[in-house]
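Reading the structure
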Amino acid sequence: MRVVLDTNILFSALISPHGAPDIIYRAWRSVRFEIVTSRYQLDEIRRASRYPKLKAILQPARVGTMANNLQRTVVLDCLDIQEETNDPDDAFLLAMARVGKADYLVTGDRRAGLLQREHIGRTRIVTPAVFCDEAL
């Protein structure tokens, strides 16, 4: 099973050790599914983790470890971003799902309109709780 995790899910797993994002992150680390990521997302993780509000709650060593682990997954080098979203900064997630032939895109971001789409091609777009119920 191939899965795209929104950056907010990855950060949530580092912030709170007792929620669905953490369960998902631990399941991936236990090789229960394969993550699809991209150079674009890895850059976003590095950049966003330095924002003052996130820097105050994220441990740099844990972010670094996560980024290093993600580099050992399916990393897409080139993305043809054709999809439109309410938040243009999230269009790359849809492109990753499409190009990476993901089964799921997991996000908690309701304002970008991703969850309202419900799918892109073969990829189901779901919340962390739904993913845990259906796939783990």
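The text that follows walks through the structure, step by step, so that each part is easy to find. All values derive from a computational prediction rather than experimental measurement.

Calculation criteria
- Residues numbered from 1 in each chain as written.
- Predicted model: local features only at pLDDT ≥ 70, side-chain atom pairs only at ≥ 80, totals over all residues.
- Heavy atoms only, no water.
- Salt bridge = Lys/Arg side-chain N within 4 Å of Asp/Glu carboxyl O.
- Helix = DSSP H or I, 4+ residues; strand = E, 2+ residues; numbered from the N terminus.
- Buried < 20%, exposed > 50% of the residue type's maximum accessible area, 1.4 Å probe, protein only.
- Phe/Tyr/Trp six-rings, centres within 6.5 Å; stacked < 30°, edge-to-face > 60°.
- Axes fitted to C-alpha atoms, helices over the stretch in contact; angles between N-to-C directions.
- Parallel < 35°, antiparallel > 145°, perpendicular 65-115°, else oblique.
- Contact = heavy atoms within 4.5 Å.
- Nonpolar A, V, L, I, M, F, W, Y, C, P; charged D, E, K, R; others polar.
- Core = buried A, V, L, I, M, F, W, Y, C linked by side-chain atoms within 4.5 Å.

**Structural notes on the pattern of salt bridges**
- Counting across every chain of the model gives 6 salt bridges.
- With its nearest N and O atoms 2.8 Å apart, the salt bridge here joins arginine 26 to aspartate 22. You can see arginine 26 and its partner aspartate 22 sitting in helix 2 (residues 20–29), 4 residues apart, about one turn around the helix.
- Residue arginine 26 is classed as partly exposed on the basis of its relative accessible area of 46%.
- Taking the relative accessible area as the measure of exposure, aspartate 22 reaches 8% and is therefore buried.

**So, the packing of aromatic side chains**
- Under the defined criterion, the tally for this structure stands at 4 aromatic pairs.
- Relative to tryptophan 28, the ring of tyrosine 25 has its centre 5.5 Å away and its plane inclined at 50 degrees; by these criteria the two rings are tilted. Of this pair, tyrosine 25 and tryptophan 28 both sit in helix 2, 3 residues apart, roughly one helical turn.
- Here tyrosine 25 falls in the buried class, since its relative accessible area comes to 11%.
- Using a relative accessible area of 8% as the deciding quantity, one classes tryptophan 28 as buried.
- A centroid spacing of 5.1 Å and a plane angle of 80 degrees characterise the contact between tyrosine 104 and phenylalanine 131, whose relative ring orientation is edge-to-face.

**Some thoughts on the packing of helix 3 (residues 39–48) against helix 5 (residues 60–70)**
- Two elements in contact, helix 3 and helix 5, have axes separated by 11 Å at closest approach and are oriented at 175 degrees. What the angle tells us is that helix 3 and helix 5 run roughly antiparallel. The residues of helix 5 that touch helix 3, namely those facing Leu42, Ile45 and Arg46, are Val63, Ala67 and Leu70.
- A class-by-class count of the residues in the contact of helix 3 with helix 5 yields 5 nonpolar, no polar and 1 charged.

**A few points about the nonpolar core**
- Judged by nonpolar contacts, the single largest core of 26 residues is most densely connected at Leu5, Phe33, Leu70, Val106 and Phe131.
- Mapped by element, the contributors of at least two residues to this core are strand 1 (2–5), helix 1 (7–15), helix 2, helix 3, helix 5, strand 4 (104–106) and helix 8 (128–135).
- Those residues in contact with leucine 70 that lie beyond four places of it in its chain are Leu10, Trp28, Ile35, Thr37, Leu42, Ile45 and Val75.
- One finds Val36, Phe92, Leu93 and Ile125 within the second-largest nonpolar core, a separate group that totals 16 residues.

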